[in-house]
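Now for the letters of each chain:
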Amino acid sequence: MNRISEHPILGNTEMGRKVAFFMDGKQMEGYEGEPIAVALKAGGVMIHRYTQKNHEPRGIFCAIGRCTDCVMIVDGVPNIRTCITPLVSGMRIQTQDGVTALEVTE
Amino acid sequence: MKRYDLIVVGAGPSGLSAAIEAARCGLTVAVFDENAKPGGQLFKQIHKFFGSKEHQAKIRGYKIGETLLSEADAVGVKVFLNATVSGMYMDKEILVRRGDAMEHCKADAIIIATGASENMVTFDGWTLPGVIGAGAAQTMMNLYSIQPGQRVLMLGSGNVGLVVSFQLMQAGCEVIALVDASPRIGGYGVHASKIARCGVPFYLSHTITKAEGPDCITGVEISQVDDHFTPIPGTQKHFDVDTICMAVGLSPMSQLLKMAGCSMIDDPRRGGQVPLVDENGETSIPGIFAAGDVSGIEEASSAMIEGRMSGLSAAAYLGFLSEKDKDSSLNELEVALNSLHQGMFAPGSKGKAFTKTDEGIAVSQSLLKKGYLDEADIARFNHFDKKSGVHPVIECTQNIPCNPCQDACPKDCIKIGKTITALPRIDADSTCTGCGMCVASCSGQAIFLVDEDYEPGYASITLPYEFLPRPQKGDLGTALSRSGQPLGVAEIIDVRSAKAFDHTTLVTMKVPVAQAMTARFYKREAQRAEL
């Protein structure tokens, strides 16, 4: 688990409500209002998308909504910056492949 | 179209400071920021700030952020969040994107305080997931309480690289190594020493030659570089890491100023494309000001002063403040700003290699190359008559703008004087009571209390500790040297926490008297077995 529950300076972490969401069809849990990227990282997801031309993996890079490396398909909309988009209960997140969803074989 | 007296772009330290000053003078002020939360990078700064009282030294960055927000609220500053300013046009008109809507707003004066963005360097594999900016690491661990990685390699030894490395360890991550292509550590020696004494190695004159991994980082290869920063074949070293963090400088985000037609210059010392500004931050266009990192990369303390100066200047420009009142306020702020602009790390000193301190003492080369002082260096800087009993040992050997230790001591034991970049001196005539206020007040964690006469054959050493779990009285662990090398068994004889220490725990350990001047950190029992 890579969540920091207690910090020497910041103290105990106050989390929002625990909610379920879907990552490429699989159910995961996160905290309401935290960036989607944080919930994914807590669940061990490193790859957010593949580039269109060379099919190279990309993940979080700047974490402040500037670099657009972490964009994914959120509720059917592509190119959503997951590092600054708050998690909502029931959200459907998909790995982006170019500008469409990656086909996931179950 | 919405109209204001003053529009500020950016709700970070300089923008908020500017807005507060202007609103206090009676201006209607709107602040626009593209982020969901105000405060810029302040809420990610969990270390104690440097400077002196007027710069809010020894207060942690996020606390300063909270104060700024409540001040802005109290004086009626309107802060618009999730509001991206995407254009600035003639006659001080701006275009703001809020959600799916674009809005035009206009003001009689504009202050641009957009800050800076992180630089990056490219190497084989640098786009792999797991390669992140140092700012990203801070955002993840300090705002969203998630570890950026388990095993991290930091590239860049400037203050950002050093401070973030320490914060990574505070978040429970392991920092495997700190790498910099420069032959010298770029940031404050005291920041480097905090990391070195935990055992983190520094690789100067090295750079990353390869980030390894099939689809995310599993390792990194570094190589030594020659005088032209070219990797030397055959010098490769490999580390198993899951995260590579880059702290390789910042660039001003000055696009809006350029767009509005302000005269720009390319100034590497200030970080790149910056506007030409006068001493109060006014650009070549009357009524348009720039404050903080956008007009030259520095740090939050000077950004706040620059912000206040531009806020007052904007108020005077619009007739809300008399020239006389403006001048007297600005003079005071200029003195505060100048005091930050002194010493070895002053903006004007960038790239200079100092061989001596202002006091004429030869600087520690070990500190610059390895991150810690060697024993020979200590003797040069701690020249005081050893008395019996507890006394402070101050390992602050560079001229940096900081003086909280001087005010911290209730016995006036520590003297810096008016020039805040001067090295602290210990007054031999004062008697140390061992209260520990100096230890907790030192933003660089460079003050220790040493008692060579604690018990026959044993000395006590009190050190600042900001990790979890905190040691407990009676614990047995390992004393570590300044380079993080194990010296032997240490017993914890006192653990002190107090509100005045602000989350810094003072840990006192008992070590053989021969280690009184070498033991500077403590490793807990649980970790001892791994040694």
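Please read these numbers as outputs of a predicted model, since none were measured by experiment.

Novice: What should I look at first to understand the sheet that holds strand 23 (residues 447-455) of chain B in this one?
Specialist: To summarise the sheet geometry, strands pair through backbone hydrogen bonds and adopt either a parallel or an antiparallel arrangement. Residue and element names in this part refer to chain B. Strand order across the open sheet formed by seven strands is 20-23-24-27-26-25-28, with antiparallel pairing between neighbours. Both outer strands of the open sheet, strand 20 (391-394) and strand 28 (519-523), are each paired with one neighbouring strand and no more. When the angles between neighbouring strand axes are averaged without regard to direction, this sheet yields 40°.

Novice: How do you make sense of the side chain of Gln170(B) when you look at a structure like this?
Specialist: Structurally, Gln170(B) is set in helix 4 (residues 159-170). The contact partners of Gln170(B), leaving out residues within four places of it in the chain, are His7(A), Pro8(A), Ile9(A), Ile46(B), Glu466(B) and Phe467(B).

Novice: What am I meant to see in the nonpolar core here?
Specialist: Residues and elements named next belong to chain B. In this structure, Leu168, Met169, Ile195, Phe202 and Met509 are the most contacted members of the largest nonpolar core, which totals 56 residues. Taken domain by domain, the makeup of this core includes at least three residues from each of domain 2 (120-246) and domain 3 (380-528). In contact with Ile195, not counting residues within four places along its chain, are Leu162, Ser165, Phe166, Met169, Leu178, Val200 and Phe202.

Novice: When you look at the interface of chain A and chain B in this model, what are you seeing that I'm missing?
Specialist: Interface size is often expressed as the accessible area that is lost when the parts come together. The partner chain B presents 40 residues to the 27 residues of chain A that form the contact. Buried surface at the junction of chain A and chain B, both sides included, amounts to about 2800 Å², of which 65% is carbon and sulfur. Summed over the three residues of chain A that lose the most area to chain B, namely Pro8(A), Ile9(A) and Phe61(A), the buried surface amounts to 26% of that side. Between Arg66(A) and Glu34(B) there is a salt bridge; the shortest N-O distance is 2.4 Å. Taken together, chain A and chain B are joined by nine residue pairs in polar contact (both at pLDDT 80 or more). Every element with two or more residues in the side of chain A that touches chain B is listed here: strand 1 (6-7), helix 1 (36-42) and strand 6 (57-58) of chain A. In terms of residue count, the dominant contributor to the side of chain A that touches chain B is helix 1 of chain A (three residues). Within the side of chain A that touches chain B, the residues separate by chemical class into 16 nonpolar, four polar and seven charged.

Novice: Sorry if this is basic, but what is going on with the sheet that holds strand 10 (residues 174-180) of chain B here?
Specialist: Residue and element names in this part refer to chain B. Strand order in this open sheet of five strands is 8-15-9-10-11, and the pairing throughout is parallel. Bordering the open sheet on either side are strand 8 (131-133) and strand 11 (202-204), each of which pairs with just one other strand. Sheet twist, expressed as the average angle between the axes of neighbouring strands with direction ignored, equals 20°. As paired elements, strand 8 and strand 15 (residues 243-246) share three bridges and run parallel to each other. Directly across from Val131, in strand 15, lies its bridge partner Ile244. Where helix 3 (residues 134-143) meets the sheet, it contacts strand 8 and strand 15, and its direction lies at approximately 85° from that of strand 8.

Novice: Is there a simple way to think about helix 7 (residues 300-317) of chain B in this case?
Specialist: For an α-helix, the turn length of 3.6 residues means that residues three or four places apart are oriented alike. All names here are of chain B. Taking 1.5 Å per residue as the helical rise, helix 7 with its 18 residues ought to reach 26 Å, and the 25 Å between its terminal C-alpha atoms agrees with that figure. When you tally the buried positions in helix 7, you get 16 out of 18 residues, the bulk of the element. Where helix 7 ends, the next residue or the one after it, Gly319, has phi of about 85°, a positive value.

Novice: Is there a simple way to explain the domain arrangement of chain B in this structure?
Specialist: All names here are of chain B. Taken domain by domain, chain B comprises domain 1 (2-117 + 250-340), domain 2 (120-246) and domain 3 (380-528). If you average the C-alpha positions of domain 1 and of domain 3, the two centres end up 39 Å apart. Opposite the 13 residues of domain 1 that make contact, domain 3 presents 17 residues. Roughly 1100 Å² of surface becomes buried between domain 1 and domain 3 when both sides are summed, with 54% attributable to carbon and sulfur atoms. Among the residues of domain 1 in contact with domain 3, Lys48, Phe50 and Arg60 are the three that bury the most area, contributing 45% of the side total. For the salt bridge of Asp502 with Arg60, the shortest nitrogen-to-oxygen distance reads 3.5 Å. Grouping the amino acids of the side of domain 1 that touches domain 3 by side-chain chemistry returns five nonpolar, four polar and four charged.

Conventions used here
Residues numbered from 1 in each chain as written. Chains lettered and ligands numbered in written order. Predicted model: local features only at pLDDT ≥ 70, side-chain atom pairs only at ≥ 80, totals over all residues. Heavy atoms only, no water. Pairing = 2+ DSSP bridges. Helix = DSSP H or I, 4+ residues; strand = E, 2+ residues; numbered from the N terminus. Axes fitted to C-alpha atoms, helices over the stretch in contact; angles between N-to-C directions. Contact = heavy atoms within 4.5 Å. Core = buried A, V, L, I, M, F, W, Y, C linked by side-chain atoms within 4.5 Å. Buried < 20%, exposed > 50% of the residue type's maximum accessible area, 1.4 Å probe, protein only. Domains from an automatic or database assignment. Buried area = accessible area lost by both parts, 1.4 Å probe. Salt bridge = Lys/Arg side-chain N within 4 Å of Asp/Glu carboxyl O. Polar contact = N/O pair within 3.5 Å; in protein donor to acceptor, adjacent residues only side chain to side chain. Nonpolar A, V, L, I, M, F, W, Y, C, P; charged D, E, K, R; others polar. Expected span 1.5 Å × (residues − 1).

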